[in-house]
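As a plain string of letters, each chain reads:
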Amino acid sequence: MTITLPEFTPMEDSLWLTLCGKALDYRRPDPILGDQMADEIVRRLGYDCGRFKLSESPVINIAHRSKKMDEVAADFIARHPNAVGLDLGAGLDSRLFRLNPPSTVDWYDVDFPDVITARRKVMPERANGHGIGADLVDLNWLEAVPSDRPAVIIADGLLAFLTQEDMIALLKRLTDRFPSGEIAFNGYSRFAIWAAKKYRGTQSVSDLLKSPGFDDPREPERWNPRLKLVREILLTREPEVARFPTALRLFTRLSARSAAWSRKGTTVLHYRF
């Protein structure tokens, strides 16, 4: 059966970059994330991931950072089996299915309306899975989410597309909405934002990047006093590095010796509130 998706805007179209990264990781002999659904969606829709010219390094990076966010969410859900989960800028990601939370957890995938429509066309339904079609900058969408339960919030790749002002406003609205929770998102240094605009694999989204980046993982604590850094996850120091291809593994191990150098790539920042 042919699946016809809505006509995406350039911002919505950026979802293919991360989806392709996860699909290509799945096709590797030793995948980091192992997201079979990502690969199935790409194949069913006949999308050509070759357009991004992604080398092995960014493919592994996309999968690796997503795995770390999955771990944050899974640990939170294990401690709060009645939690609310939010995936901000979810695109066509299958995090809900990778986590497979109990029915007592309500999971909300939030993205533009046409993206949520696309998700419903290509993904199976789950009773505890909910889609919210909205512009994340319009903070009224949060009224559709229960506010009386602890929340775990994931934003994979999203914040690079927001201005710092919109990022601060979003974080404040989230921490004001719930009694407690945890949030994990990509930490993009100023260098990482600059590099993303230059690297051929991400040049398709370079004009959409609005964040200036920040180098200090405690900077969001200064934006929002409710946020407390749990951990700066330097991907260069995570155990999955042992499974990287030889050349990439050696370079990554060298980078891991310096936190400042490790921050030149993608990090995952994990906060509680």
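Since the structure is predicted, the reported quantities are computational estimates derived from the model, not experimental observations. Every chain begins its residue count from 1, and numbering advances along the sequence as written. Given that the model is predicted, a residue must reach a pLDDT of at least 70 before its local features are reported, and side-chain atom pairs must reach 80 or more before they are shown or counted; all residues, however, enter totals for whole chains, interfaces and linings. Hydrogens and waters are ignored; side-chain quantities use all the structure's heavy atoms.

**Here we look at the packing of helix H2 (residues 15–27) against helix H4 (residues 56–79)**
Thought 1: Where H2 contacts H4, the axes come no closer than 8 Å and their chain directions differ by 95 degrees. Relative to H4, H2 is oriented roughly perpendicular. Contact with H2, carried on its side by Leu17, Thr18, Gly21, Lys22, Leu24 and Asp25, involves Val59, Ile62, Ala63, Arg65 and Ser66 of H4 and no other residues of that element. Axis definition: a line fitted to C-alpha atoms, limited for helices to the stretch in contact. Angles are taken between N-to-C directions and run from 0 to 180 degrees. The numbering of helices and of strands both runs from the N terminus, where a helix is a DSSP run of H or I of at least 4 residues and a strand a run of E of at least 2. Here the angle decides the label: under 35 degrees means roughly parallel, over 145 means roughly antiparallel, 65 to 115 means roughly perpendicular, and every other value means oblique. Contacts: residue pairs with any heavy atoms within 4.5 Å of one another.

**Considering the nonpolar core**
Thought 1: Of all hydrophobic cores here, the largest spans 32 residues; its most connected members are Leu86, Leu88 and Trp141.
Thought 2: The element best represented in this core is helix H7 (residues 164–177), accounting for four residues.
Thought 3: Once residues within four sequence positions are removed from consideration, Leu86 is found in contact with Trp107, Tyr108, Trp141, Leu142, Val145, Ala151, Val152, Ile153, Ile154 and Phe178. Note on terminology: a nonpolar core comprises buried Ala, Val, Leu, Ile, Met, Phe, Trp, Tyr and Cys residues joined through side-chain atoms within 4.5 Å. Per-residue accessibility, obtained with a 1.4 Å probe over protein chains only, is compared with the maximum for each type, and a residue is labelled buried under 20%, exposed over 50%, and partly exposed between these values.

**Looking at the environment of Asp148**
Thought 1: Residue placement: Asp148 occurs in the loop between strand E3 (129–133) and strand E4 (151–155).
Thought 2: A residue is classified by how much of its surface remains accessible, and Asp148, at 61% relative accessible area, is exposed.
Thought 3: Sequence separation of Asp148 and Pro179 is 31 residues, and the distance between their C-alpha atoms is 6.6 Å.

**Describing the pairing of strand E1 (residues 84–88)**
Thought 1: Among the five residues in E1, five count as buried, and that is most of the element.
Thought 2: Of the two faces of E1, the one lined by Val84, Leu86 and Leu88 and the one lined by Gly85 and Asp87 are each fully buried.
Thought 3: Paired strands, as defined in this entry, are two strands with at least two bridges between them according to DSSP. Here E1 pairs with E4 via four bridges, running parallel. In the sheet register, Gly85 faces E4, and the bridge partner there is Val152.

**Here we look at the packing of H2 against helix H3 (residues 36–45)**
Thought 1: Taken N-terminus to C-terminus, the directions of H2 and H3 make an angle of 110 degrees; their axes are 8 Å apart at the nearest point. The orientation of H2 with respect to H3, classified from their angle, is roughly perpendicular. At the point where H2 passes H3, the crossing takes the left-handed sense. For the pair H2 and H3, the contacting residues are Trp16, Leu19, Lys22, Ala23, Tyr26 and Arg27 in the first and Gln36, Ala38, Asp39, Ile41, Val42, Arg43 and Leu45 in the second.
Thought 2: Under this grouping Gly is polar, as are all residues other than the nonpolar Ala, Val, Leu, Ile, Met, Phe, Trp, Tyr, Cys and Pro and the charged Asp, Glu, Lys and Arg. Partitioned by chemical class, the residues of the contact of H2 with H3 number eight nonpolar, one polar and four charged. Should the near helix be turned anticlockwise from the far one by less than a right angle, the crossing is termed left-handed; should it be turned clockwise, right-handed.

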